[in-house]
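# Secondary and tertiary structure notes
Here is what each chain is made of, one letter per residue.
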Amino acid sequence: MPVAIYPGSFDPLTNGHLSLIQRGLKMFDRLIVAIAVNPKKTPLFSLEERKVLIREACQDDRVEVDSFQGLLVEYAKQRQVHVLIRGLRAVSDFEYEFQLANMNRKLAPGIETVFMMTGEDYFYISSQLVREVASLGGDVSGLVPANVNAKLLEKFGHTPPKP
């Protein structure tokens, strides 16, 4: 398979996301990390900040960072990509992702969804939880790439923990 899209908000990028990107590159020649823009949500990091953070953390020429608004399947059609990668952390993710995958199949029968289980080191990590812990001064350095950790510390006005 030449190309797949890995969509998400990536607010912020976590080590779980990074793991899926690296594993996705073992199955596909190229990966488009597509940041979903939802005008109803106010992200912690701007779209441009998220793009930069992902590019810094994924310095592989086979990874393209892009963004989209609206239906994912329409974006996939526009990019002429037929495979979507979705990560599953827990059983609770499965029901929602199963519904999304079936709706996407109904809207665009030529686009398939590939589910990848998150590694056991990262199954409990979510961007929302990382934001919450970081906002309260907790150490998230083992949960996110170093560049993301530095930006979180800067964003919340915290200093790095002492080694």
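Here the structure is a predicted model, which is why all the values come from computation and not from measurement.

## Regarding the overall build of the chain
Of regular secondary structure, the chain possesses six helices and five strands. Seen in sequence order, the chain has helices and strands lined up from the N terminus as β-α-β-α-β-α-β-α-β-α-α. A compact globule built from 163 residues should have a C-alpha radius of gyration of about 15 Å, and the chain, at 16 Å, falls within 12% of that. With the principal axes as the frame, the chain shows a C-alpha extent of 50 × 35 × 35 Å. Split into buried and exposed, the 163 residues of the chain put 44% on the buried side. By sequence separation, contacts in the chain at least 24 residues apart represent 74% of the contacts at least 6 residues apart. For the chain, the accessible area works out to roughly 9,400 Å², and carbon and sulfur atoms hold 54% of it. In the chain, which carries 19 positive and 19 negative side-chain charges, the distance between the mean positions of the two groups comes to 4 Å.

## Points about the nonpolar core
Ranked by size, the top nonpolar core spans 29 residues in total, and within it Ile 21, Leu 31, Ile 54 and Leu 152 carry the most contacts. Of all the elements in the fold, those that place two or more residues in this core are β1 (3–8), α1 (15–27), β2 (30–37), α2 (47–57), β3 (63–69), β4 (83–88), α5 (127–135) and α6 (146–156). No other element matches the four residues that α1 contributes to this core. Not counting the four nearest positions on each side in its chain, Leu 31 is found in contact with Ala 4, Tyr 6, Ile 21, Leu 25, Arg 62, Val 63, Glu 64 and Ile 85. Membership of the second largest hydrophobic core comes to 13 residues, among which are Val 73, Ala 76, Leu 84 and Ile 111.

## Re α6
Within α6, burial applies to Asn 147, Val 148, Asn 149, Leu 152 and Leu 153. If you follow the buried residues of α6, they end up packed against α2 and α5. In the segment just after α6, Gly 157 is the residue with positive phi, at about 70°.

## Topic: the UniProt feature "site: Transition state stabilizer" (unreviewed entry) in the chain
The UniProt record marks His 17 with the feature "site: Transition state stabilizer" (unreviewed entry), using the residue numbering of this structure. As for its position among the elements, His 17 is in helix α1. From its side chain, His 17 meets the backbone nitrogen of Thr 14 in a polar contact 2.9 Å long.

Rules used throughout
- Residues numbered from 1 in each chain as written.
- Predicted model: local features only at pLDDT ≥ 70, side-chain atom pairs only at ≥ 80, totals over all residues.
- Heavy atoms only, no water.
- Helix = DSSP H or I, 4+ residues; strand = E, 2+ residues; numbered from the N terminus.
- Rg over C-alpha atoms; globule rule 2.2 N^0.38 Å.
- Buried < 20%, exposed > 50% of the residue type's maximum accessible area, 1.4 Å probe, protein only.
- Contact = heavy atoms within 4.5 Å.
- Areas by Shrake-Rupley, 256 points an atom, 1.4 Å probe, with all protein chains shown as cover.
- Lys, Arg positive; Asp, Glu negative; His and termini not counted.
- Charge placed at Lys NZ, Arg CZ, Asp CG, Glu CD.
- Core = buried A, V, L, I, M, F, W, Y, C linked by side-chain atoms within 4.5 Å.
- UniProt positions renumbered as here; feature names shortened; annotations may be inferred.
- Polar contact = N/O pair within 3.5 Å; in protein donor to acceptor, adjacent residues only side chain to side chain.

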